[in-house]
Amino acid sequence: MITWNTLSGEAPLVIAHRGASGVLPEHTIEAYDRAIEMGADYIEPDLVITKDGVLVARHDRYLSGSTNVSDHPEFADRKTVKVGHDGADWFVEDFTLAEIKTLRARQPRAGRSVEFDNQYIIPTFDEVLALIAERSKQTGRRIGVYPETKHPAALAALGLQHDEPLLASLEAHGFNNAEDPVFIQSFEVENLERLNDLTDIRLVFLTETKPDFTKIATVIDGVGPYKKLLISNGQDTGFIREAHASGLTVHSWTFRDDALDPAFEDIDAEMKAYYALGIDGVFSDFPDTALRVRDIVKDTP
Ligand code: G3P
Ligand code: CA
């Protein structure tokens, strides 16, 4: 058994990125449930908001990539052009929840199985939390949730804000404070600053560049960097050490069996390198792989 180099000294968390999204269409109850079966510690829903103010699990505001909306002639006139998006598309904030429920999910990443396309509904955040509660009860292990507010400023400008419904749903399912297995993540620091005034739930700042750790440590509990900020061309950048020195936990993305860093010969080698450095959590599309490699590292003296 090894000693983990994580901030807490505990084993790193395996976060099911968009569910078991490597094998089933992302952000569906089926993909989250598969990840729970695999043994993931946390389930990651990305959250956007419907026209009638309901949080639903999608990575993007636009719907063409991950749903069959283009096959619905009744929605043809909703296709539109919006600032910040290339070309015309359908946008979640122009659909009521009832309308969203008529769509079915699709695998958005090329090269992955499309066998389960056009079958699964788009879940609300409450439905995701209900699944987590049910499975936690059945299995006797408390499964965590790791919601991301997607495009919070742009949606708030349309009168749709994440904060209140997000915190209300979490509270209703017993996720209230820093001791509960929940992290809220965002790429937008203004959203995290607002949430910091509203809740004790741990907050994680997502970033593609190295932040000023001492400055953001006053607002957040952890940082969620793109993985190559931690290891670049196979070399440790010192990011984890510096973040830990500021008391920040480090949860990085995205580990994918089918899209690994070419500096490594296979996904096992890639994940072992991050675990050895003391990463505190990994977002993986293949949580079974992340768990299997974590077990190998744990059992290697
Ligand atoms: O939230 C961690 C990671 O998911 C950030 O990237 O684009 O996959 O949401 P994205
Ligand atoms: Ca995410």
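Structure: see above.
Now for a quick tour of the structure. Everything numeric in this text was worked out from a predicted model, so none of it was measured. (Residues numbered from 1 in each chain as written. Chains lettered and ligands numbered in written order. Predicted model: local features only at pLDDT ≥ 70, side-chain atom pairs only at ≥ 80, totals over all residues. Heavy atoms only, no water.)

**Comments concerning the coordination of the calcium ion (ligand 2)**
Put simply, the rule reads: In this listing, donors mean N, O and S atoms no farther than 2.8 Å from the metal, or 3.2 Å for Na, K and Ca; water is missing from the atoms, so a site can look incomplete. Any coordination sphere not matching a tetrahedral pattern (four donors, all angles between 85 and 135 degrees) or a square planar or octahedral pattern (four or six donors, opposite donors over 155 degrees apart, other angles between 65 and 115) is reported as irregular. The buried label applies to any residue whose accessible area, calculated with a 1.4 Å probe on protein chains only, is under 20% of its type's maximum; exposed applies above 50%, and partly exposed to all values in between.
Surrounding the calcium ion (ligand 2) are the protein donor atoms Glu44 (OE), Asp46 (OD) and Glu148 (OE), at 2.1 to 2.3 Å. Coordination geometry of the calcium ion (ligand 2): the six donor atoms subtend angles of 59 to 160° at the metal centre, consistent with an arrangement described as irregular. Look at where the donors of the calcium ion (ligand 2) fall in the sequence and you get E-x1-D-x101-E. The exposure class assigned to glutamate 44 is buried, which follows from its relative accessible area of 2%.

**What to know about the site of ligand 1**
Rules: One heavy atom suffices: a residue is near a molecule or strand as soon as one of its heavy atoms comes within 4 Å of it. For this analysis, a polar contact is any N or O atom pair within 3.5 Å, provided that within protein one partner can donate a hydrogen and the other can accept it, and provided that sequence-adjacent residues contribute only side-chain to side-chain pairs. Every accessible area reported is derived by Shrake-Rupley at a probe size of 1.4 Å, with residue values counting cover from the shown protein chains alone. Here the nonpolar group is Ala, Val, Leu, Ile, Met, Phe, Trp, Tyr, Cys and Pro; Asp, Glu, Lys and Arg are the charged ones; every other residue, Gly included, is treated as polar.
Around ligand 1 sit His17, Arg18, Glu44, Asp46, His59, Glu148, Lys150, Gln185, Phe187, Leu206, Trp253 and Phe283, and that is every residue in its neighbourhood. Here lysine 150 contributes a side-chain N or O atom positioned 2.8 Å from an oxygen atom of ligand 1. Relative to its unbound accessible surface of 280 Å², ligand 1 loses 92% to contact with the protein. Within the shell around ligand 1, the residues separate by chemical class into four nonpolar, three polar and five charged.

**Structural notes on the pattern of salt bridges**
Quick reminder of the rule: Put simply, a salt bridge is a Lys or Arg side-chain nitrogen that is within 4 Å of an Asp or Glu carboxyl oxygen. Helix and strand assignments follow DSSP, with helices taken as H or I runs no shorter than four residues and strands as E runs no shorter than two, numbered in order from the N terminus.
Evaluation of the coordinates by the stated rule reveals 21 salt bridges. Between lysine 82 and glutamate 93 there is a salt bridge, with the nearest N and O atoms lying 3.0 Å from each other. Note that lysine 82 is positioned in the loop between β4 (55–57) and α2 (97–100) and glutamate 93 in the loop between β4 and α2, a separation of 11 residues in sequence. The exposure class assigned to glutamate 93 is buried, which follows from its relative accessible area of 5%. For the salt bridge of arginine 135 with glutamate 134, the shortest nitrogen-to-oxygen distance reads 3.1 Å. Look at glutamate 134 and you get partly exposed, because its relative accessible area is 40%. Via salt bridges that share partners, Arg61, Lys82, Glu93 and Asp94 belong to a single interconnected network.

Geometry only, nothing functional implied.
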